[in-house]
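Descriptive analysis of the structure
Single-letter residue listing:
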Amino acid sequence: MTIAQHISLRPYNTFGIDVSAYEFAAFTSVDDLKALLANHPRYLIIGGGSNILFTKDFDGIVLKNELKGIQVLREEQDYIYVQAAAGERWHEFVLYCVERNYGGVENLSLIPGCVGAAPMQNIGAYGVELKDTFYTLEALRTDDLSIHTFTGEDCQFGYRESIFKKEYKHQYIILSVTLRLKKQPDFHIEYGAIKAELEKMQVSHLSIGAISQAVINIRNSKLPNPKEIGNAGSFFKNPTICEAHFLFLKNKYPQIAAYDLAHSTYKKIAAGWLIEQCGWKGFRQDNYGVHAKQALVLVNYGGANGEDILNLSRQIIESVHAKFSIQLEAEVNIV
Ligand code: FAD
Ligand code: EPU
């Protein structure tokens, strides 16, 4: 295992920010990871670097997760339990499931990054979240290097939330994730543009493969490809507000993009709509800005630094607050 020094992190984050790490190592086994942790108290674990904004050089060791392997653990009449190592790429894992007709993750197609980061923020898209198929995960405790199993309840999943972003922040490294997938898939096509896309594709026989392809098409049409324009997906979370606040805004802005929440009178508001209303959509300053097709995505056109993007995000937060009295919160991890 090689430990490199003074490495540029630009290839390791989808924002394409050029900061450096004092040290860098990629690990392919749990034993290597343990050895690295034992000798390097200041570390940052990364998968695909698709949910990180680097704002400065990292003065410890960056550990790139390359634990690989996908295996079926067991089968029941209706379910199949599939375990993926944390360094597997999420979308490749989705394709593995779609090809075998294991249902439950097809709506989460084309989300960048690795399996190990998926539980961190309970990834979600097109009406489905990781928690819907999650069974267990294994994680390494970074202080005593012991390995623990977490159930869905232990993980305290919420909207873009888990215990690993709160109480257990920096305390565990996720090693593998096991999902409970359906052998007879049920289809989730109620969200947004999926139905329209399936019609456009002239799908006569609904399948998880068709849903996966529809999601891929929709995502390609509005989200920038990080290989072409640096970004980390949605920069902010969609905020929730109370009913009274919502009714006040709805009266003033009848077009407000909002969603009902299950078992709650609160509403979720589309942050992209709020940001667009403040005039930011397509905004460009030098080599960074706000994506022209999706105002929730901040972009690096090449050579921008993380501080500039962070400052832009602060200006957006201020203007959304001034106009709507709504406080946006970053979804991206700022390092
Ligand atoms: P990284 O960015 O490498 O890490 C993210 C965080 O998790 C960091 O704090 C890191 O330290 C920590 N971490 C990483 N691996 C581990 C581990 N094994 N154990 C413990 N901590 C770890 N997200 C969605 O939810 N839905 C979307 O639809 C979506 N669309 C996106 C579209 C684009 C174009 C992009 C660029 C991003 C999108 N994202 C989306 C965000 C991102 O893809 C997800 O959050 C993804 O799960 C991040 O995976 P990663 O491996 O790149 O994580
Ligand atoms: N909208 C605008 N202007 C914009 C963008 C959006 O008005 O510039 C409004 C439109 O009304 C649109 C609505 O917002 O219908 C929702 O937009 P979209 O379907 O693009 O979804 P989103 O709420 O902006 C969320 C997730 C995405 C996920 C999609 C699809 C968050 C923070 N983002 O975006 O996740 O892919 O839904 O489910 O919840 C990510 O987390 O990185 C991410 C990309």
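Residues numbered from 1 in each chain as written. Chains lettered and ligands numbered in written order. Predicted model: local features only at pLDDT ≥ 70, side-chain atom pairs only at ≥ 80, totals over all residues. Heavy atoms only, no water.

**As for the site of ligand 1**
Test applied: Throughout this document, a residue counts as near a molecule or strand when at least one of its heavy atoms sits within 4 Å of that molecule or strand. Side-chain atoms alone can form a polar contact between residues adjacent in sequence; in general such a contact is a pair of N or O atoms within 3.5 Å, and within protein one must be able to donate a hydrogen while the other accepts it. Note that accessible areas follow from Shrake-Rupley with a 1.4 Å probe, and for residues the cover is restricted to the protein chains shown. Helix and strand assignments follow DSSP, with helices taken as H or I runs no shorter than four residues and strands as E runs no shorter than two, numbered in order from the N terminus. Amino acid classes used here: Ala, Val, Leu, Ile, Met, Phe, Trp, Tyr, Cys and Pro are nonpolar; Asp, Glu, Lys and Arg are charged; the rest, including Gly, are polar.
Around ligand 1, the structure places 33 residues, and the nearest of them are Ile45, Gly47, Ser50, Gly124 and Arg219. At 2.9 Å, a backbone N or O of Gly49 approaches an oxygen atom of ligand 1. Against a free-state accessible area of 990 Å², the protein chains account for coverage of 93% of ligand 1. If you list the elements that add at least two residues to the shell around ligand 1, you get strand S3 (43-46), strand S8 (124-125) and strand S12 (172-182). Partitioned by chemical class, the residues of the shell around ligand 1 number 17 nonpolar, 14 polar and two charged.

**Observations concerning the site of ligand 2**
Selection criterion: Those domain boundaries reflect an automatic or database domain assignment.
Tyr126, Tyr159, Glu276, Gln294 and Glu331 are the nearest of the 23 residues found near ligand 2. Here Asn238 contributes a side-chain N or O atom positioned 2.9 Å from an oxygen atom of ligand 2. The contact in question runs from an oxygen atom of ligand 2 to an N or O atom on the side chain of Gln294, over 2.7 Å. Protein chains shield 81% of the accessible area of ligand 2, which is 820 Å² for the free molecule. For the shell around ligand 2, the elements supplying multiple residues, two or more each, are helix H5 (208-222) and helix H7 (271-277). No other element matches H7, which puts three residues into the shell around ligand 2. Taken together, the residues of the shell around ligand 2 sort by class into eleven nonpolar, five polar and seven charged. Each of domain 2 (70-182) and domain 3 (230-334) accounts for three or more of the residues forming the shell around ligand 2.

**A look at the packing of aromatic side chains**
To be explicit about the condition: Only centres within 6.5 Å qualify two rings of Phe, Tyr or Trp (six-membered ring in Trp) as a pair; their planes then separate them into stacked at under 30 degrees, edge-to-face at over 60, and tilted for everything else. Sitting over a ring, as applied to charges here, requires NZ of Lys or CZ of Arg to be within 6 Å of the ring centre and within 35 degrees of the ring normal.
Tallied over the full model, the rule gives 19 aromatic pairs. Pairing Phe150 with Tyr168 gives two aromatic rings, centres 6.1 Å apart and planes at 70°, and the pair type is edge-to-face. You can see Phe150 sitting in strand S11 (residues 147-151) and its partner Tyr168 sitting in the loop between helix H3 (152-155) and S12, a full 18 residues away along the chain. In textbook terms, an aromatic cluster arises when at least three aromatic residues are bridged by ring pairs, as seen for Trp90, Phe93, Tyr96 and Tyr102. Looking at Arg100, its charged tip hangs above the ring of Tyr96, at a distance of 3.8 Å from the centre.

**Re the layout of surface pockets**
Heads up, the condition is: Lining residues are defined by having an atom within 4 Å of a point belonging to a cavity or pocket. Those points lie on a 1 Å grid over the protein atoms alone, cavities being sets where a 1.4 Å probe fits but cannot get out and pockets being open sets with protein on both sides within 12 Å along at least five of seven lines. Grid points are joined across faces, edges and corners, and a volume is the space filled by probe spheres set on the points.
In this structure, the second largest pocket occupies an estimated 250 Å³ of space. Lining the second largest pocket are 16 residues, with Gly104, Asp132, Thr133, Lys182 and Asp186 sitting closest to its centre. In terms of residue count, the dominant contributor to the lining of the second largest pocket is S12 (three residues). Residue composition of the lining of the second largest pocket, by class: five nonpolar, five polar and six charged.

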